[in-house]
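Spelled out, the chains give:
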Amino acid sequence: MYLKNSNIFSSFADALKGIVKFFYRLYVKIPGRELKWWKKLLLWSGRVVLYLLTLALAVDINLFGLFGSSPELSDLRSPDMNIASELYAADGSLIGRYFLENRSPVEFGELPSDLVNALLSAEDIRFYNHHGVDLRATVAAFWSTARGDRRGGSTITQQLVKNLYKTRDSRSKGVMRNIPGINTAIYKLKEWISAVKLEYYYTKNEILTLYLNTVDFGSLAFGIEAASNTFFDKSPSELRTEEAALLVGLLKAPTYYSPVLNPGNALRRRNNILARMEQYGFIDLKAKDSLVKLDLNLSYRKSGPEKEETGYFREAVARSLEDWSRTSGYNIYTDGLKIYTALDPLLQQYAEKAVRLHMKNLQAKFFEHWKDINPWVDSEGKQIPDYLDKLAAETPHYESLYNMFSGNADSVRKYMNQERRMKIYTPAGRMDTLMSPMDSLRYYRHLLNTGFVSIDPANGYVKAWVGGIDYRFFKYDHVNQARRQPGSLFKAFVYTSAFERGLGPCDRRADQPVSIRYTENGEQRVWSPHNADWVFSGQNITLKSAFARSVNSVAVQLTKEMGWDVVIETAKRMGIKSPLNPVPSVCLGSGEVTLLEIVNAYCAFVNGGQLNEPVFVTKIEDVNGRIIYSHKSAPERVITEEDAFLMSVMLRSGLQEAGGTTQGLWEYDLFRYDTEFGGKTGTSSDFSDGWFIGVTPGLVSGVWVGGEHRNTRFRTSRLGEGLRTALPEYGIFMEMVLKDARLGSYRGKFKNPPAGVTKNYQCRSAERDSTAAPGNETAGNDSLPFLPGP
């Protein structure tokens with residue numbers, strides 16, 4: 001864009017001075033001589049022109065605040081236009097947008113001639129012949145309005161002023177805004193004045209381009225680029241004649257002429273514009289007759305985050321950039337940035353598919369498990385009184401009804417139980433149904449949810465992210481927003497602390513009852529946890545076997561020896577940021593953490609003891625392509641290389657030791673690709689949360705499964721432990737990853753032990769628990785019991 005005449009206002013002042021001088025000389029009378037009629041007419045006309053120019057100047061400068069603000073010089077030179085920022089995956093593919101108005105500007109050279117001709121035919125056929133205001137069209141509009149046939153007379157330039165500078169909003173109105181009729185005259189005069197200014201500042205082609213980049217096409221599409229992609233899944237340069245006419249037709253009334261909401265109206269409007277194009281000679285009669293017979297043929301892709309498969313990741317990236325936005329001054333919703341992420345599209349695709357497949361199967365088991373019984377029961381299996389009523393009272397819908405009915409609970413209850421049409425989530429997809437709000441609440445409390453994340457342990461790059469079962473219905477992210485009890489996943493920090501204090505995988509502890517006395521909130525308490533199967537074998541087992549089988553008693557003994565504050569310190573050092581209550585049960589995962597932070601902590605075990613912060617964004621460019629942010633890796637050593645190696649051995653032991661809780665991985669086709677695996681399961685009290693973290697040399701992935709409320713759970717370990725609820729999701733995911741030759745970089749074996757390892761790790765448990773069978777988690781001790789004493 002460029003300025004055609006920077007001296008516009010000095011020229012305007014000179015012209016005004018000349019007019020005044022002319023009419024002054026004309027007005028001066030010669031004594032004894034009467035003015036001729038034509039001079040009187042000129043004098044009267046001159047006064048009218050002078051008054052109008054004076055009024056225009058007063059409106060333009062907002063004299064005494066009477067008329068409201070008009071666009072300033074800086075506004076005209078650099079129009080403030082909200083531009084959508086674009087989110088890219090690691091391979092450069094577009095995976096999402098951030099916007100207040102979904103807009104991506106194009107240049108004039110990208111606009112097909114049929115689009116320009118359709119716009120001129122529909123909106124302003126004399127566009128190239130006027131200077132911002134079409135007097136002929138204006139007079140015709142006044143005349144038609146006077147006859148009761150209201151018709152617009154605004155030029156494209158005037159419409160651009162209205163769209164770009166919001167000349168009709170409350171901020172542009174002055175003291176006279178409440179006088180009937182005056183307000184309309186003022187904003188029309190403002191638009192005329194600003195349109196003339198724009199014609200001085202920009203070429204005609206630039207004005208057309210600005211117009212098509214700013215106008216609202218409906219369906220959250222602002223500008224021709226977004227509209228082309230939304231309605232036809234193509235760029236503007238690829239639009240056909242009838243497609244261009246359809247899009248131009250939307251400008252008059254985006255909802256009324258929407259081809260999605262009102263296809264009949266859209267078709268008639270499109271054909272009307274095609275007829276005008278034929279009338280003005282842009283297409284011939286034969287072409288018009290053939291084009292009006294065509295169907296709409298949409299390829300509709302509604303713009304908006306609720307339609308993006310990567311919606312959870314998109315919002316996670318936005319949250320991660322909040323601090324950067326505050327310090328840098330950039331706004332990801334308005335500044336047209338290009339944001340490049342570490343997300344791997346193939347891994348993301350397989351993660352989403354694994355979630356769909358597993359959760360559909362698991363949900364069917366859950367429905368069968370509870371059948372016609374409500375799952376909101378306490379630990380003793382008793383129905384929780386008024387559970388749904390209390391939940392309903394916490395919803396915004398209930399609150400609005402309560403206010404509407406002035407606190408009449410009976411009226412609210414009746415309304416909440418009335419059936420209505422609604423869209424609900426089902427494991428098979430979205431379903432339209434007839435259901436009351438209370439039935440909907442009851443149904444959703446029978447649903448399980450999940451979170452899945454994969455991280456490259458070498459650099460912290462987030463490679464896949466699924467925050468829930470369906471972003472359209474469940475916006476809450478279970479990867480880094482939800483905090484839940486991790487159960488036995490937390491034992492990794494217990495054993496890491498033990499290794500840092502001289503123990504090794506082959507040291508032994510007895511599987512026997514343990515009690516810990518401690519003080520909480522000034523009260524003396526005793527904690528006596530049990531193993532998951534309620535059995536203490538009495539055997540003297542290696543730490544390696546105890547970790548593999550998730551034996552609670554051994555983890556508790558180690559915590560008692562070291563102190564639970566030591567375990568907490570290790571967890572915090574390894575990246576756990578959630579608050580942890582300083583009680584002994586923290587060793588079995590009684591604290592609440594996010595999936596992201598504990599998966600990232602496990603990355604240090606695979607990365608030689610070095611920890612990276614999770615990396616979402618690798619690079620950001622501004623609207624001009626200038627790099628304004630570039631990620632710089634800054635790994636921190638959190639444990640020694642030897643201890644990291646020993647913990648990687650412990651993670652692998654679950655597949656090697658009898659009764660190991662990760663042996664469910666053998667059910668999946670994972671072991672013919674020359675790739676080594678490790679992992680750990682976790683289950684919280686009453687089976688409310690199921691977890692699994694799987695590790696390979698190149699990828700650490702974590703799964704959480706549970707209900708939005710902790711009462712939504714299985715009742716037995718056979719169905720509810722992490723081995724059954726979370727591990728299968730990882731197994732399905734890794735089957736697809738390893739099978740895809742394009743992802744060969746994620747195959748491989750763990751590194752050889754570092755030089756100088758002094759502790760023995762090549763031991764196998766001599767004892768065999770007769771109840772422990774490979775792949776049977778109940779033989780291990782994965783769940784979290786929290787049984788405080790008096």
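Thresholds applied
- Residues numbered from 1 in each chain as written.
- Predicted model: local features only at pLDDT ≥ 70, side-chain atom pairs only at ≥ 80, totals over all residues.
- Heavy atoms only, no water.
- Helix = DSSP H or I, 4+ residues; strand = E, 2+ residues; numbered from the N terminus.
- Buried < 20%, exposed > 50% of the residue type's maximum accessible area, 1.4 Å probe, protein only.
- Contact = heavy atoms within 4.5 Å.
- Areas by Shrake-Rupley, 256 points an atom, 1.4 Å probe, with all protein chains shown as cover.
- Core = buried A, V, L, I, M, F, W, Y, C linked by side-chain atoms within 4.5 Å.
- Phe/Tyr/Trp six-rings, centres within 6.5 Å; stacked < 30°, edge-to-face > 60°.
- Lys NZ or Arg CZ within 6 Å of the ring centre and 35° of its normal.
- Expected span 1.5 Å × (residues − 1).
- Disulfide = S-S within 2.5 Å.
- Pairing = 2+ DSSP bridges.
- Axes fitted to C-alpha atoms, helices over the stretch in contact; angles between N-to-C directions.
- Parallel < 35°, antiparallel > 145°, perpendicular 65-115°, else oblique.
- Nonpolar A, V, L, I, M, F, W, Y, C, P; charged D, E, K, R; others polar.
- Patch = residues over 30% accessible without salt bridge, like charges linked within 9 Å, V, L, I, M, F, W, Y side chains within 5 Å.
- Salt bridge = Lys/Arg side-chain N within 4 Å of Asp/Glu carboxyl O.
- pLDDT = per-residue confidence, 0-100.

What follows covers the overall build of the protein. Within the protein one finds 28 helices and 18 strands. Taken across its 790 residues, the protein has 54% of its residues classed as buried. For the protein, long-range pairs separated by at least 24 residues make up 71% of all intrachain contacts whose partners lie at least 6 apart in sequence. Surface accessibility of the protein: about 36,400 Å² in total, with carbon and sulfur atoms responsible for 52%.

All right, on to helix α10 (residues 241-250) then. Counting buried residues along α10, 10 of its 10 residues qualify, which places the element largely inside the surrounding structure. Close packing links the buried residues of α10 with α4 (113-123), α9 (224-232), α11 (263-279) and α12 (285-291).

With 136 residues, the main nonpolar core has I339, W465, Y495, I598 and F733 as its most contacted residues. For F733, the contacting residues outside a window of four places in its chain are L347, Y350, A351, A354, F452, S454, L699 and S701. Judged by nonpolar contacts, the second largest core, of 46 residues, contains A122, F127, F217 and A266.

The next point concerns the packing of aromatic side chains. Tallying each qualifying case throughout the model produces 30 aromatic pairs. Pairing F366 with W370 gives two aromatic rings, centres 6.4 Å apart and planes at 55 degrees, and the pair type is tilted. Pair noted here: F366 and W370 are both in helix α15 (residues 345-370), with a separation of 4 residues, about one helical turn. What makes F366 buried here is its relative accessible area of 0%. Note on W370: relative accessible area 1%, which makes it buried. Geometrically, the ring pair formed by F692 and Y730 is tilted, given 5.2 Å between the ring centres and 50 degrees between the ring planes. Of this pair, F692 sits in strand β17 (residues 689-696) while Y730 sits in helix α28 (residues 727-739), and the two are 38 residues apart along the sequence. Given the relative accessible area of 0%, F692 is considered buried. A network of ring pairs unites the aromatic residues Y425, Y443, Y444, F473 and F474 as a single cluster. The ring of Y257 carries R269 above its face, with NZ or CZ at 5.6 Å from the centroid.

This brings us to α28. Under the 1.5 Å per step criterion, the end-to-end length of α28 is 18 Å for 13 residues, consistent within 8% with the ideal 18 Å. Those residues of α28 that fall on the buried side of the exposure criterion are L727, P728, E729, Y730, G731, I732, F733, M734, M736, V737 and L738. Looking at the buried positions of α28, the neighbouring elements they touch are α15, β6 (448-455), β16 (678-683), β17, β18 (699-707) and α27 (722-725).

Summed over the entire model, instances satisfying the criterion amount to 1 disulfide. The disulfide that involves C506 links it to C763, with 2.0 Å between the sulfurs. Judged by the sign of its S-S torsion, about -105 degrees, the bond between C506 and C763 is left-handed. Of this pair, C506 sits in the loop between α20 (491-500) and β8 (508-510) while C763 sits in the segment after α28, placing them 257 residues apart in sequence.

This next bit is on the sheet that holds β17. Ordered in space as β7-β6-β18-β17-β16, the 5 strands form an open sheet in which the pairing is antiparallel. The outermost strands of the open sheet, each flanked by one partner alone, are β7 (462-466) and β16. When the angles between neighbouring strand axes are averaged without regard to direction, this sheet yields 10 degrees. The pairing of β6 with β7 spans 4 bridges and is classified as antiparallel. For V453, the partnering residue across the bridge sits in β7 and is W465.

Time to look at the packing of helix α24 (residues 595-606) against helix α25 (residues 641-656). Where α24 contacts α25, the axes come no closer than 7 Å and their chain directions differ by 110 degrees. With respect to α25, the element α24 is oriented roughly perpendicular. Each of Y602, A604 and F605 in α24 lies in contact with α25, whose residues at this interface are A644, M647, S648 and L651. Each residue belonging to the contact of α24 with α25 can be placed in one class, and the counts come to 6 nonpolar, 1 polar and no charged.

On the surface, a nonpolar cluster with roughly 260 Å² of combined accessible area is contributed by V260, L261 and Y300. With respect to the helices and strands, the residue Y300 is situated in the loop between α12 and α13 (311-320).

Of the pairings in the sheet, the one linking strand β1 (residues 85-88) to strand β3 (residues 338-341) comprises 3 bridges and is parallel in character. Residue pairing in the sheet places E86 in a bridge with K338 of β3. Inspection of the sheet shows β3 paired to strand β13 (residues 617-621) by 4 bridges, in the antiparallel sense. Bridging across to β13, T341 finds its partner in V617.

For the rest of this paragraph, the subject is the confidence of the model for the protein. Overall, the prediction assigns the protein a mean pLDDT of 85, with 81% of residues at 70 or greater. For the stretch residues 783-790, pLDDT sits under 50, and the model shows 37 contacts to residues farther than four places along the chain or on other chains.

In the Ramachandran plot, S219 falls in the positive-phi region, its phi being about 55 degrees despite a non-glycine side chain. Tracing the backbone shows S219 in the loop between α8 (204-214) and α9. Looking at S219, the relative accessible area reads 22%, which means it is partly exposed. Of note, the phi angle at D686 is positive, near 60 degrees, even though the residue is not glycine. Of note, D686 is situated in the loop between β16 and β17. Overall, the relative accessible area of 37% leaves D686 in the partly exposed class.

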